[in-house]
Amino acid sequence: ALQVQNDHSDAAASDLNRRMQFQNKLAGVCEEMCKEVGAYPKCTQCPKFVEPDSTPGVMTWDELLEHMDNLVNWGQDQIKGWHKQASALQVQNDHSDAAASDLNRRMQFQNKLAG
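The structure reproduced in this document is the subject of the present report. (Residues numbered from 1 in each chain as written. Predicted model: local features only at pLDDT ≥ 70, side-chain atom pairs only at ≥ 80, totals over all residues. Heavy atoms only, no water.)

### Quick look at the overall build of the protein chain
Cut-off, in case you're wondering: Only DSSP runs of H or I with at least four residues qualify as helices, and only runs of E with at least two residues qualify as strands; both kinds are numbered from the N terminus onward. Note on classification: 1.4 Å probe, protein chains only; a residue is buried when its accessible area is under 20% of the maximum for its type, exposed when over 50%, partly exposed between these limits. Per-residue and other accessible areas follow the Shrake-Rupley method at a 1.4 Å probe size, with only the shown protein chains counted as cover for residues.
Helix and strand counts for the protein chain come out as two helices and zero strands. Burial status across the protein chain gives 4% buried among its 115 residues. With the model as given, the accessible surface of the protein chain reaches about 10600 Å², and the carbon-plus-sulfur share is 57%.

See the structure below:
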């Protein structure tokens, strides 16, 4: 009985796989058929149909607002990067200032000893 059940589930899985392959083959044909009968792009029967952009080459208000949000996020990331870079340069300058001051003190000390 267990073997028969496994055979049925294997057959069902194979059948489902074949059905998906068949539907994927028909998807392009379905879209072309809708174009021929004038139902495109309002076709609701085609599997996984995605309606094309209704305003190609033109930015809608929603697209503009999304673009502005993306620019704000990008700008904030840029500023964070600039702050990090400036901080790293400041630390580097502090070290070089300290090294220059140390070198100056050493020269003064050596001059005192020499003369």
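On we go from here.
### Some remarks on a negative patch on the surface
For the record, the criterion: Here, patches come from residues exposed beyond 30% relative accessible area and free of salt bridges, joined within 9 Å for like charges and within 5 Å for nonpolar side chains (Val, Leu, Ile, Met, Phe, Trp, Tyr). Basic side-chain nitrogens of Lys or Arg form a salt bridge, by our definition, when they fall within 4 Å of a carboxyl oxygen of Asp or Glu. For the purpose of charge, His is not counted, nor are the chain termini; Lys and Arg are scored as positive and Asp and Glu as negative. Note on charges: their place is set at NZ of Lys, CZ of Arg, CG of Asp or CD of Glu.
Together, Asp 53, Asp 62, Glu 63, Glu 66 and Asp 69 make up a negatively charged patch on the protein surface. As for its position among the elements, Asp 62 is in helix H2 (residues 61–114). Asp 62 gets classed as exposed once you look at its relative accessible area, which sits at 62%.

### Considerations on the pattern of salt bridges
Applying the stated criterion to the full structure yields one salt bridge. Of the charged contacts in the structure, one is a salt bridge between Asp 102 and Arg 106, with a shortest N-O distance of 3.1 Å. Note that Asp 102 and Arg 106 are positioned in helix H2 at a spacing of four residues, about one turn of the helix. For Asp 102, a relative accessible area of 39% corresponds to the partly exposed category. With relative accessibility at 53%, the residue Arg 106 sits in the exposed group.

Keep in mind these values describe shape, not function.
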